[in-house]
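Here are the chains, one letter per residue:
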Amino acid sequence: MPASTQQIQSGTALYWARDDLRLADNPALCAAIDTGRPVTALYILDETTNGHWALGAASKWWLHHSLQSFAASLAKLNIQLVLRRGDPAKLAPALAAESGAARVFWNRRYVSAEQALDEKIKSSFKDAGIEARSFRGNVLAEPWEILTGAKTPYKVYSPFWRELRTRLSDLQPLAAPGVATKAKKRFPSDALKDWALTPSKPNWAKDFPDFWTPGEVGAQKRFSDFIDQDLDNYARGRDIPGEIHTSHLSPHLRFGEISIRQAMKTILALRDDANAEKFASELGWRDFAYYLLHHFPKFPDHNWRGDFDAFSWRNDRKHLRAWQQGKTGYPLVDAGMRELWATGYMHNRVRMVAASFLIKHLLIDWRRGEEWFWDTLVDADLANNSVSWQWVAGSGADAAPYFRIFNPVTQGERFDAAGAYVRRWIPELAKLPDRYIQAPWAAPEEVLGAAGVMLGKSYPAPIVDHKQARERALGAFQSMSKSRSVGVTA
Ligand code: FAD
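Residues numbered from 1 in each chain as written. Predicted model: local features only at pLDDT ≥ 70, side-chain atom pairs only at ≥ 80, totals over all residues. Heavy atoms only, no water.

(A) The arrangement of the pattern of salt bridges in detail. The final tally for this structure, using the stated rule, is 26 salt bridges. Several salt bridges converge on common partners, so that one network encompasses Arg-18, Arg-109, Glu-114 and Asp-118. (Salt bridge = Lys/Arg side-chain N within 4 Å of Asp/Glu carboxyl O.)

Laid out in structure tokens, this is it:
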């Protein structure tokens, strides 16, 4: 039953917050406030829709703090953030009914199960005579807007980016809205602490606050610091893990604390040089990942290239554990895995090397690595994570070829020559001379002794030999069934 004009005019507005925990450039929130009616905001902790891709542990830590910050910002606009836990298909209509909402607003998302749920909820609102409107709040372009000349999805980044780039000149991010009409009532809400999103025994996230300030204020500060201090060196410096030249915006973007449109518009308006263009194109990769996830929804769990289904991965728990704990004996890989554990983040170059090591040196299924990153990254993002893992494996769209096997030692020598990154995360190697910092096993006994390193005791000996592992990987990939057709399994 369509809503009557009188119903719409007298009803309140409901804004359903999901991956958009910000005031600035939040189209759904602005539309709710623009109704001129009292606005209630809702956040639902939904642990079932995405199956085993429910929020990981580090993301939960982030969410806790982000919600705290968002609730405070909304309160200043006269908006209560109501927290509920469970099935959105029941909870969103329930709060709409309780609050007398005639209109409901949200920003769209791109995981297929969430899209299906949103469609279902939209039609149930329609049946109840409530107007439900969704907006583009989390991507630069909707995935269905960008297609090849043959009206098929792009599978390669460069032509996708060329097309997306032409659409970036008229981005119009919205300013943060003014206050909403004061509501007469408050509604029952869960207490955030009862959701137990932060760890306690043990509190493995105890050092996270040294690295991160979740929330919109933290996101904006991070962005302006990046522009002031790091952008000048971005194109060259983004590959050097021992120096800070990247934005560290990824968790803020993941939770929508800063809008991708605002970030893109600011960078492109700021200047026209290689650093700005490189950063813009990295932001573009995020849209490409969302794009692929929309068009090929099986990306997180299935090889995009069908021939990889025939690959026989090794199920080696001991090696998986060594990788997770940063005890492979390869300093660059181990430093990355320890950075991840300590901060919920890992530098992009090291993510590539560590992922390649798991898949190619250890021949462990990329999905095991994807799951570990999912649980431990504060920026864990189903699109970026799955697309990146399949890129490294060689099983994805526009992927690195399977024979590209990163050598963790030469990668270290190239991007962390003086070992600043390794020394920071593996203090037991800190006293080794530069020459051996990426390959301690190559150091003479007296050098190890002088640096206080006891291989196999204070730091592990390599769990595999690089040359042998490389040959084993090449052999395994080559013998992968060639009879299988190479194609999209989604
Ligand atoms: P910057 O270099 O400052 O880039 C700015 C923004 O651009 C990032 O915040 C991110 O939103 C986007 N971006 C940059 N590189 C990529 C990329 N390759 N793919 C998609 N978006 C990109 N990124 C995530 O946000 N979540 C993940 O779960 C994730 N998992 C990854 C797993 C693997 C195996 C690899 C190799 C990469 C993964 N990435 C993921 C991509 C990338 O490593 C991070 O986005 C980046 O390191 C974040 O740091 P930053 O914000 O300082 O990046």
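(B) Highlighting the environment of Leu-429. Looking at where Leu-429 falls in the secondary structure, it is placed in the loop between helix H19 (420–425) and helix H20 (434–437). Sequence separation between Leu-429 and Ser-458 is 29 residues, and the spatial gap between their C-alpha atoms is 8.8 Å. (Helix = DSSP H or I, 4+ residues; strand = E, 2+ residues; numbered from the N terminus.)

(C) Spotlight on the environment of Gly-336. Here Gly-336 shows up in helix H14 (residues 331–343). Between the alpha carbons of Gly-336 and Leu-231 there is a distance of 23 Å; along the sequence they are 105 residues apart. If sequence neighbours within four positions are ignored, Gly-336 has contacts with Met-346, Val-350 and Tyr-421. (Contact = heavy atoms within 4.5 Å.)

(D) Focus on the nonpolar core. Residues Phe-223, Phe-279, Trp-323, Met-337 and Phe-373 are the most contacted members of the largest nonpolar core, which totals 102 residues. Trp-323 has contacts with Thr-328, Val-333, Met-337, Ala-354, Phe-357, Leu-358, Leu-362, Gly-369, Trp-372, Phe-373 and Trp-389, leaving out every residue within four places of it along the chain. Counting 37 residues, the second-largest nonpolar core is a separate cluster that includes Ala-28, Ile-33, Phe-105 and Phe-135. (Core = buried A, V, L, I, M, F, W, Y, C linked by side-chain atoms within 4.5 Å. Buried < 20%, exposed > 50% of the residue type's maximum accessible area, 1.4 Å probe, protein only.)

(E) Examining the pairing of strand E3 (residues 80–85) more closely. Counting buried residues along E3, 5 of its 6 residues qualify, which places the element largely inside the surrounding structure. Pairing of strand E2 (residues 39–45) with E3, which is carried by 6 bridges, proceeds in the parallel orientation. Of the residues in E3, the one forming a bridge with Leu-42 is Val-82. (Pairing = 2+ DSSP bridges.)

(F) The packing of aromatic side chains, seen in detail. Applying the stated rule across the entire model yields 38 aromatic pairs. Residues Tyr-43 and Trp-195 carry aromatic rings whose centres are separated by 6.3 Å and whose planes lie at 45 degrees to one another, so their mutual orientation is tilted. Pair noted here: Tyr-43 is in strand E2 and Trp-195 is in the loop between helix H6 (157–166) and helix H7 (208–211), with a separation of 152 residues, a long-range link. Grouping residues by exposure puts Tyr-43 and Trp-195 together as buried. (Phe/Tyr/Trp six-rings, centres within 6.5 Å; stacked < 30°, edge-to-face > 60°.)

(G) Summary view of the site of the ligand. By nearness alone, 26 residues border the ligand, and Tyr-234, Thr-246, Ser-247, His-248 and Asn-348 come closest of all. The separation between an oxygen atom of the ligand and a polar main-chain atom of Leu-249 is 3.1 Å. Here an oxygen atom of the ligand and a backbone polar atom of Asp-381 are 3.1 Å apart. Contact with the protein chains removes 95% of the 830 Å² of surface that the ligand exposes when unbound. Looking at the shell around the ligand, the element that brings in the most residues is helix H12 (residues 274–295), giving 5 residues. Residue composition of the shell around the ligand, by class: 13 nonpolar, 8 polar and 5 charged. (Near = heavy atom within 4 Å. Polar contact = N/O pair within 3.5 Å; in protein donor to acceptor, adjacent residues only side chain to side chain. Areas by Shrake-Rupley, 256 points an atom, 1.4 Å probe, with all protein chains shown as cover. Nonpolar A, V, L, I, M, F, W, Y, C, P; charged D, E, K, R; others polar.)

(H) Just the pairing of strand E5 (residues 131–135), in detail. Of the pairings in the sheet, the one linking strand E4 (residues 101–107) to E5 comprises 5 bridges and is parallel in character. By the bridge assignment for E5, Arg-103 is matched with Glu-131.

(I) Region of interest: the packing of H14 against helix H15 (residues 348–361). Where H14 contacts H15, the two axes come as close as 9 Å, and the packing angle between them is 110 degrees. Considered as vectors, H14 and H15 are oriented roughly perpendicular to each other. In this structure, H14 crosses over H15, and the sense of that crossing is left-handed. Between H14, through Leu-332, Val-333, Gly-336 and Met-337, and H15, the contact on the second element is made entirely by Val-350, Val-353, Ala-354 and Phe-357. (Axes fitted to C-alpha atoms, helices over the stretch in contact; angles between N-to-C directions. Parallel < 35°, antiparallel > 145°, perpendicular 65-115°, else oblique. Left-handed = near helix turned anticlockwise from the far one by under 90°.)

(J) Seen up close, helix H4 (residues 88–99). Helix length check: H4 (12 residues) gives 16 Å between terminal C-alpha atoms against 16 Å at 1.5 Å per residue, within 8%. What H4 keeps buried is the set Pro-88, Ala-89, Leu-91, Ala-92, Leu-95, Ala-96 and Ser-99. On its buried face, H4 sits against strand E1 (12–17), E2, E3, E4 and helix H5 (112–127). For H4, the N-terminal cap is Asp-87; the gap from its side-chain oxygen to the backbone nitrogen of Ala-89 is 2.9 Å. (Expected span 1.5 Å × (residues − 1).)

(K) Local environment of H15. With 14 residues, H15 extends 19 Å from end C-alpha to end C-alpha; this agrees with the ideal 20 Å at 1.5 Å per step. When you tally the buried positions in H15, you get 13 out of 14 residues, the bulk of the element. Positive backbone phi, at 55 degrees, marks Leu-363, one or two positions downstream of H15.

(L) Molecular detail of the confidence of the model for the protein chain. Predicted confidence across the protein chain gives a mean pLDDT of 95, with 96% of residues reaching 70 or more. Overall, residues 485–490 carries pLDDT values under 50, and its contacts beyond four positions in sequence, including any with other chains, amount to 19 contacts. (pLDDT = per-residue confidence, 0-100.)

(M) Representation of unusual backbone geometry in the model. Omega for the peptide link from Lys-201 to Pro-202 comes to 0 degrees, which places this bond in the cis form. One non-glycine residue with positive phi stands out, namely Ala-196, at about 50 degrees. By the secondary structure assignment, Ala-196 is in the loop between H6 and H7. Relative accessible area serves as the criterion here: at 56%, Ala-196 is assigned to the exposed category. A positive phi angle is found at His-248, which is not glycine, with a value near 55 degrees. Here His-248 lies in the loop between helix H9 (234–237) and helix H10 (250–254). You can call His-248 buried: its relative accessible area is 15%.

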